[in-house]
Amino acid sequence: MSDKPTTIKEIAKILKISVSTVSRALNDHSSIGLTTKMRVKKLASELNYEPNQKAIQFLHGKSFIIGVILPELSESFFSTAISGIEDIAYKRNYTVLLAQSHDDAEREKLLVEKMKTQRVDGLLVSVSKTTSTYEHFEIFKRLNIPVVFFDRIPPIKDIHYVASNLETGTYEAVNFLLKRAIVPLE
């Protein structure tokens, strides 16, 4: 038995039907009869057929990969953030490609380039402490690939970011507690 994966073409040849019919049957297209769908799926299962993800990505014009660049995964904030990112990505059939800059601006630049070559559909970034220039993110803008900064937000105009205002948040939390302490408990 060959280590080479079974293709739709091979299934079509064995069943003496067109490649497009096999594809439609595997995807439960309404134009394909139930008997044909069952024959195609049975043979595909017997031959251990698995869809060619690269072909699917090409067809959809997406990689179904979200890139994430963090300074340090060992920081509890980032490990919590990754859990949330992966949960949401998983629900939408995306894979998360994770990288750590280790707070090194040069490494961050290389990671941004690698994310580009991996053709990520979007990038989430918390910039390193040593990053002082941000031109390396410009390529994503030119390629219409969204970039969202979080936690450490660079001073760039017209960017997407998620941040919390610790000063305002702390003020509101203390105010809330003081108001609760002043109101007598019943």
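It should be emphasised that the depicted structure is a prediction, and the values quoted were computed from it without experimental measurement. (Residues numbered from 1 in each chain as written. Predicted model: local features only at pLDDT ≥ 70, side-chain atom pairs only at ≥ 80, totals over all residues. Heavy atoms only, no water.)

Caption draft 1: The arrangement of the overall build of the protein in detail. A count of helices and strands for the protein gives 8 helices and 5 strands. For the protein, the N- to C-terminal ordering of α and β elements is α-α-α-α-β-α-β-α-β-α-β-β-α. Against the compact-globule benchmark of 16 Å for 186 residues, the protein has a radius of gyration of 25 Å, which places it well outside the compact range. Principal axes of the C-alpha set define a box for the protein whose edges measure 80 × 55 × 30 Å. Out of the 186 residues in the protein, the part that is buried amounts to 30%. Look at the contacts in the protein between residues 6 or more apart in sequence, and 58% of them connect residues 24 or more apart. On the protein, roughly 13500 Å² of surface is accessible, and the fraction owed to carbon and sulfur atoms is 56%. (Helix = DSSP H or I, 4+ residues; strand = E, 2+ residues; numbered from the N terminus. Rg over C-alpha atoms; globule rule 2.2 N^0.38 Å. Buried < 20%, exposed > 50% of the residue type's maximum accessible area, 1.4 Å probe, protein only. Contact = heavy atoms within 4.5 Å. Areas by Shrake-Rupley, 256 points an atom, 1.4 Å probe, with all protein chains shown as cover.)

Caption draft 2: The packing of helix H1 (residues 8-15) against helix H2 (residues 19-26), seen in detail. Interhelical geometry of H1 versus H2 gives an angle of 110° and a closest axis separation of 8 Å. As judged from the angle between their axes, H1 and H2 are roughly perpendicular. Note on element contacts: H2 touches H1 through Val-19, Val-22, Ser-23 and Leu-26, opposite Ile-8, Lys-9, Ile-11 and Ala-12. Residues belonging to the contact of H1 with H2 are distributed by class as follows: 6 nonpolar, 1 polar and 1 charged. (Axes fitted to C-alpha atoms, helices over the stretch in contact; angles between N-to-C directions. Parallel < 35°, antiparallel > 145°, perpendicular 65-115°, else oblique. Nonpolar A, V, L, I, M, F, W, Y, C, P; charged D, E, K, R; others polar.)

Caption draft 3: Just the nonpolar core, in detail. Judged by nonpolar contacts, the single largest core of 16 residues is most densely connected at Ile-69, Met-115, Leu-123, Val-125, Phe-137 and Phe-140. Contributing elements (two or more residues each) for this core: strand E1 (65-70), helix H6 (105-117), strand E3 (122-125) and strand E4 (147-150). Here the element with the most residues in this core is H6; it accounts for 3 residues. Leu-123 has contacts with Gly-67, Val-68, Ile-69, Met-115, Phe-137, Phe-140, Pro-146, Val-147 and Val-148, leaving out every residue within four places of it along the chain. Counting residues in each nonpolar core, the second largest holds 11 residues, with Phe-78, Ala-81, Ile-82 and Val-96 among its members. (Core = buried A, V, L, I, M, F, W, Y, C linked by side-chain atoms within 4.5 Å.)

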